[in-house]
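Observations on the three-dimensional arrangement
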There are 2 protein chains.
Amino acid sequence: MAVIGIDLGGTKTAGLVLDGGGIVERCRIDTDASSQDGVMRGLLVVCSRLREDAASRGVAVEAVGLGIAGFVDYERGVVTEAPNHPLRDAHVRDILMGSSGLPVFVDNDANVAALAEARMGAGKGLRYLVHLTLGTGIGGGIIIDGQVYRGALGAAAELGHMIVCENGPPCNCGAHGCLEAMVSGVAICRRVEEMAAVGQASPMVEEFLADPEAFSAEAVCRHADAGEGVARDLLEQSGWHLGIGIASLVNIFNPDAVTLSGGLLGCLHHMEGAMRRSCEENAIAISRDHVRILTGTLGEDGGMLGAALLAREGLNAGR
Amino acid sequence: MAVIGIDLGGTKTAGLVLDGGGIVERCRIDTDASSQDGVMRGLLVVCSRLREDAASRGVAVEAVGLGIAGFVDYERGVVTEAPNHPLRDAHVRDILMGSSGLPVFVDNDANVAALAEARMGAGKGLRYLVHLTLGTGIGGGIIIDGQVYRGALGAAAELGHMIVCENGPPCNCGAHGCLEAMVSGVAICRRVEEMAAVGQASPMVEEFLADPEAFSAEAVCRHADAGEGVARDLLEQSGWHLGIGIASLVNIFNPDAVTLSGGLLGCLHHMEGAMRRSCEENAIAISRDHVRILTGTLGEDGGMLGAALLAREGLNAGR
């Protein structure tokens, strides 16, 4: 069975066709995030191109899966809100089904990333898995008994919005001290902005001040790699906070593994020691001694592969 | 089918016999918490008495269920550690099976309380339920698709050890700022102790100083009922912290309901407003608008009924 898997990101809309033998086609365009219509048009373009390219090889696509960074009502295929897209109460499934005539499955991007790691990545074959996508924001996916856990309305696993420090910095979601507000790319850059605001001087802060818009967590990582103390401390603190969040998840889920993916993995060598230490110190022994904390093995393909698996398994379940 | 359900607490060991028609026997003795042998002897006494009393009415007990406040390895029936008992790596299931010859099922007390609320209490018929037992400590139980969620080793749902404030007060588990360290009976009394230590004067603090050992959250509640501002503020703050924890759980599980039980419910009228407000302000809209926060309806029987249901369902699953 051939299926399309699309990862709808804030800057790129990337898709692939997966059949029994592996990945047979790829397509990637810029996301037009100026409007909901723009996002949806791009989605339709990627979907049609992949389908046509596959058809030209004699491969018939049977379903489409979609992973989107945002709050997704899985049952209805509706994106209720997305931090990096202009999607609000967007009936993505119905629109895409209407235009393609194919069954469409829509889920949160971290849920499908978790599915991919559980089926073909670092968590292959494990029954209980907690997945964190560490990037601009922090997403979460939960695998229970081998299946994606979605809760009552398909909105579960917002692990980035677990509150780890109730008096912490404000989060985009409206709360304070969410894991996302403490550890994400945005959170790390905000800490540098705060250092700049109080006049703390360092090469890292100077780079920030020279072009705040272009600054990113990768820049912090470069400065840390170069041995700059404040950059190293900042990433170490982020690792510590991350370990606190992981400890809570270990206490809540007693999982076989916690898997990590996303752009922030590029900084993990500066975060990992503190992350493992704080998890070690804060999680309960029985669960802590069992769990493995693993780096995802699927990289950037994880989202697309997970979306394709979502479509394949959704189609199989419906048959 | 008649089964025994026992709630093994730090002060009382209480059990009942449940058959198709309801509760047919009860037995309750003081827990001898001076040693592991003492605890186990009491357990055997309650178990034998209930079985004999039931037999004298012609009711044959077929299995025993046990709920214990502590870290339980469900698969092995072992209590690895218990805060209020001298149980350490106690092979409770094997000991009780050896002496009774009956199948025995051992679980965390909050897991079985969750089961009871999901089967016959406030959460009856709901698929996704998060249960919190609010007492001296804070326990948690998770119902997914109508079943107790236990994770890889049966140690999941330690919801009292979700960290809500990473720089918060120390918890018995070794971490800081766990929900239990912020909200439980112990946490509330510790706040009063702190007030006393800095010389803050009020009738509540005077009562504490007169007899610190006898002081409890109920005393705080009495002072709040009498209109004492510091007592009211303290319970309101506890309610706020509890709402933060519930918000995280709502974001993680997207449950149909969060149910509450335990001794602290006696103070709930002082906590509830702040609890609902902080949950409202901190949880994501889609999950927050769906979830109901409910008071459990089974009261003190919840633990025993849940333990009996654990035995009944365990026996049925094994057949």
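Residues numbered from 1 in each chain as written. Chains lettered and ligands numbered in written order. Predicted model: local features only at pLDDT ≥ 70, side-chain atom pairs only at ≥ 80, totals over all residues. Heavy atoms only, no water.

Right, let's talk about the pattern of salt bridges for a bit. Within this structure, the stated rule accounts for 29 salt bridges over all chains. Of the charged contacts in the structure, one is a salt bridge between lysine 12 of chain B and aspartate 30 of chain B, with a shortest N-O distance of 2.4 Å. Taken together, the positions of lysine 12 of chain B in strand 2 (residues 12–19) and aspartate 30 of chain B in strand 3 (residues 22–30) put the pair 18 residues apart, joining distant regions of the chain. Note that arginine 150 of chain B and aspartate 107 of chain B form a salt bridge whose closest N and O atoms lie 2.7 Å from each other. Here aspartate 107 of chain B lies in strand 8 (residues 104–108) and arginine 150 of chain B lies in the loop between strand 11 (147–148) and helix 4 (179–183), a separation of 43 residues in the sequence. Arginine 150 of chain B sits in the buried class, given a relative accessible area of 16%. We classify aspartate 107 of chain B as buried; its relative accessible area is 0%. Shared partners join several salt bridges into a network, and the residues in it are Glu280, Arg288 and Asp289 of chain A. (Salt bridge = Lys/Arg side-chain N within 4 Å of Asp/Glu carboxyl O. Helix = DSSP H or I, 4+ residues; strand = E, 2+ residues; numbered from the N terminus. Buried < 20%, exposed > 50% of the residue type's maximum accessible area, 1.4 Å probe, protein only.)

Mapping chain A onto chain B is achieved by rotating through 180° and translating by 0.0 Å along the same axis, at an RMSD of 0.0 Å. Here the two chains are linked by the operation of a two-fold rotation axis. Considering only C-alpha atoms, the part of chain A nearest the rotation axis is cysteine 165 of chain A, at 2.0 Å. Most of the interface of chain A is mirrored in chain B, where 100% of its interface residues are also at the interface. (Least-squares fit on C-alpha atoms with pLDDT ≥ 70 in both. Contact = heavy atoms within 4.5 Å.)

Let us look at the environment of aspartate 73 of chain A. Within the secondary structure, aspartate 73 of chain A sits in strand 5 (residues 71–73). Given a relative accessible area of 6%, aspartate 73 of chain A falls into the buried group. Taking the C-alpha atoms as reference points, aspartate 73 of chain A and glycine 101 of chain A, separated by 28 residues in sequence, lie 21 Å from one another. Discounting chain neighbours no more than four positions away, the residues touching aspartate 73 of chain A are Val78, Thr80 and Leu153 of chain A together with Ile286 of chain B.

Take the sheet that holds strand 3 (residues 22–30) of chain A next. Residue and element names in this part refer to chain A. Read from one edge to the other, the open sheet built from five strands follows the order 3-2-1-4-8, with strand pairing classed as mixed. One side of each edge strand has no neighbouring strand; the edge strands of this open sheet are strand 3 and strand 8 (104–108). Adjacent strand axes in the sheet meet at a mean angle of 15° when their direction is disregarded. In this sheet, strand 8 lies alongside strand 4 (residues 61–68) in parallel orientation, the contact comprising five bridges. Bridging across to strand 8, glycine 65 finds its partner in phenylalanine 105. In the packing of helix 1 (residues 36–56) onto the sheet, the strands contacted are strand 1 (2–8), strand 2 (12–19), strand 3 and strand 4, and the crossing angle to strand 3 comes to about 150°. Here helix 3 (residues 109–120) sits on the sheet in contact with strand 1, strand 4 and strand 8, set at roughly 100° to strand 8. (Pairing = 2+ DSSP bridges. Axes fitted to C-alpha atoms, helices over the stretch in contact; angles between N-to-C directions.)

The next point concerns the domain arrangement of chain A. All names here are of chain A. With domains assigned, chain A is organised as domain 1 (2–114 + 300–318) and domain 2 (125–295). Computed over C-alpha atoms, the centres of domain 1 and domain 2 are 26 Å apart. The interface is formed by 14 residues belonging to domain 1 together with 18 residues belonging to domain 2. Between domain 1 and domain 2, a total of about 1100 Å² is buried, with carbon and sulfur atoms accounting for 53% of that surface. Inspection of the region where domain 1 meets domain 2 yields one salt bridge. Where domain 1 meets domain 2, there are one residue pair in polar contact (both at pLDDT 80 or more). When residues of the side of domain 1 that touches domain 2 are traced back to their parent elements, those giving at least two are strand 5, strand 8, helix 3 and helix 11 (301–318). With four residues, helix 3 is the largest single contributor of residues to the side of domain 1 that touches domain 2. (Domains from an automatic or database assignment. Buried area = accessible area lost by both parts, 1.4 Å probe. Polar contact = N/O pair within 3.5 Å; in protein donor to acceptor, adjacent residues only side chain to side chain.)

Here we take up the interface of chain A and chain B. Taken together, the contact pairs 43 residues of chain A with 43 residues of chain B. Interface of chain A and chain B: buried area, both sides summed, is about 3500 Å²; carbon and sulfur atoms make up 63% of it. The largest contributions to the chain A side of the interface with chain B come from Glu166, Ile252 and Ile286 of chain A, which together make up 19% of the buried area. Run the count over chain A and chain B and you get zero salt bridges. On the surface where chain A and chain B come into contact, there are 24 residue pairs in polar contact (both at pLDDT 80 or more). Sorting the residues of the side of chain A that touches chain B by element identifies strand 5, strand 10 (138–144), helix 8 (229–253), helix 9 (268–282) and helix 10 (285–288) of chain A as the ones contributing at least two each. No other element matches helix 8 of chain A, which puts seven residues into the side of chain A that touches chain B. Looking at the side of chain A that touches chain B residue by residue, the class counts come to 24 nonpolar, 13 polar and six charged. (Nonpolar A, V, L, I, M, F, W, Y, C, P; charged D, E, K, R; others polar.)

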